[in-house]
Amino acid sequence: EITILKIAKEPEEKEQEKDKTANAKKTKRIGRPYELYPEGIKFDKPVTITLPYQTRDLNGADENALKIGNWKPETKDWETLNSIVDKTEKLVSAKVTHFSIYQILLIPVQEEKKEEIISTMPQAGPSAEFRLGEVYVFPNPAKDPENPVFHIETGIADKVKIIIYTVSGRLALDHTITQMPQMIDDGNGLSYAYEYTWTENIPSGVYYYFIESEKSGQKLKSKGKFAVIR
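As a starting point, this report considers the structure included with it. Computed from a prediction, not measured in an experiment: that's the story for all the values here.

Description of the environment of histidine 175
Now for step 1: Inspection of the secondary structure assignment puts histidine 175 in strand E13 (residues 171-177).
Now for step 2: Separated by 165 residues in the primary sequence, histidine 175 and glutamate 10 place their C-alpha atoms 25 Å from one another.
Now for step 3: Leave out the neighbours within four places in its chain, and histidine 175 touches Lys72, Val160, Lys161, Ile162 and Tyr196.

Overview of the sheet that holds strand E15 (residues 190-197)
Now for step 1: Taken in spatial order, the four strands of this open sheet run E9-E11-E15-E14, and their pairing is antiparallel. With partners counted over all chains shown, the strands left at the sheet margins are strand E9 (135-138) and strand E14 (182-185), one partner each. In this sheet, neighbouring strand axes are inclined to one another by 40 degrees on average, regardless of whether the strands run parallel or antiparallel.
Now for step 2: Strand direction decides the pairing type here: strand E11 (residues 149-152) and E15, joined by four bridges, are antiparallel. Within E15, the position partnered with phenylalanine 150 by the bridge is tyrosine 196.

Focus: the sheet that holds strand E1 (residues 3-6)
Now for step 1: Taken in spatial order, the five strands line up as E1-E2-E8-E4-E5 in an open sheet, and their pairing is antiparallel. Across the chains shown, the open sheet's two edge strands, defined by having one partner strand only, are E1 and strand E5 (77-80). Strand-to-strand twist of the sheet, defined as the mean angle between neighbouring strand axes without regard to direction, takes the value 35 degrees.
Now for step 2: Looking at chain direction, strand E4 (residues 66-72) and strand E8 (residues 101-106) are connected through six bridges and run antiparallel. When the sheet's bridge partners are listed, isoleucine 68 is paired in E8 with isoleucine 104.

A short note on the packing of aromatic side chains
Now for step 1: Under the defined criterion, the tally for this structure stands at ten aromatic pairs.
Now for step 2: Centroid distance tyrosine 136 to phenylalanine 138: 6.0 Å. Interplanar angle 55 degrees. Geometry classified as tilted.
Now for step 3: The exposure class of tyrosine 136 is partly exposed, given its relative accessible area of 25%.

What to know about the layout of surface pockets
Now for step 1: The volume enclosed by the largest pocket comes to roughly 1,300 Å³.
Now for step 2: If you go around the largest pocket, you meet 47 residues; those closest to its centre are Val96, Thr97, His98, Lys159 and Thr176.
Now for step 3: Looking at the lining of the largest pocket, the elements that each hand over two or more residues are strand E3 (42-52), E4, strand E6 (83-86), strand E7 (91-98), strand E12 (159-166), E13, strand E16 (205-215) and strand E17 (218-229).
Now for step 4: Of the residues belonging to the lining of the largest pocket, the class tally is 16 nonpolar, 15 polar and 16 charged.

What counts and how
- Residues numbered from 1 in each chain as written.
- Predicted model: local features only at pLDDT ≥ 70, side-chain atom pairs only at ≥ 80, totals over all residues.
- Heavy atoms only, no water.
- Helix = DSSP H or I, 4+ residues; strand = E, 2+ residues; numbered from the N terminus.
- Contact = heavy atoms within 4.5 Å.
- Pairing = 2+ DSSP bridges.
- Axes fitted to C-alpha atoms, helices over the stretch in contact; angles between N-to-C directions.
- Phe/Tyr/Trp six-rings, centres within 6.5 Å; stacked < 30°, edge-to-face > 60°.
- Buried < 20%, exposed > 50% of the residue type's maximum accessible area, 1.4 Å probe, protein only.
- 1 Å grid on protein atoms, 1.4 Å probe; cavity = no way out; pocket = protein on both sides within 12 Å on 5 of 7 lines; lining within 4 Å.
- Points joined across faces, edges and corners; volume = space filled by probe spheres on them.
- Nonpolar A, V, L, I, M, F, W, Y, C, P; charged D, E, K, R; others polar.

This is the structure:
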């Protein structure tokens, strides 16, 4: 049974948490968030969700800058999804692989088109070529109170998927990154890298990770293992 809940009002601390994260990225929340149930359900093939907006909420901003955002309670962050805007019907659509909390976001112009960002990157900077570079987890082992951080160099990708299993084969994490990478110098020169901190309550043990980066249908894969000591 599929349920769609429009969240008309949340506890003040949760509202402030969502606003604070959005404001830090100069992003504006449009309308109200929607929670789709059953929460956590995953699909073999992406499904399309569509959310409505009203012109008066934009305050003159460009409708093309609207995206659907996925609220990640575990990281307290908004993940922006590739979206399509229907200006006639005032709807924004995006493909998702799981049910969670979604809301329309007004994204700053510099975040709207990855290709525009790539074209304006300094020529003297790192290469944006889609190729596999260094992939590792640090610190390894991650000792309390440190959390493991994934460092993934693949140039500019459409998305990067991180899957983690326990030694017994239980799925511990399935996370997809769709934001732009950072310019990072980890001691081996400046490069574009995706970094993700696993912040959940992680038991001690050895974990296996699988990384899959994708761009225009092409995929790059990597795997490894790391340890957590609590």
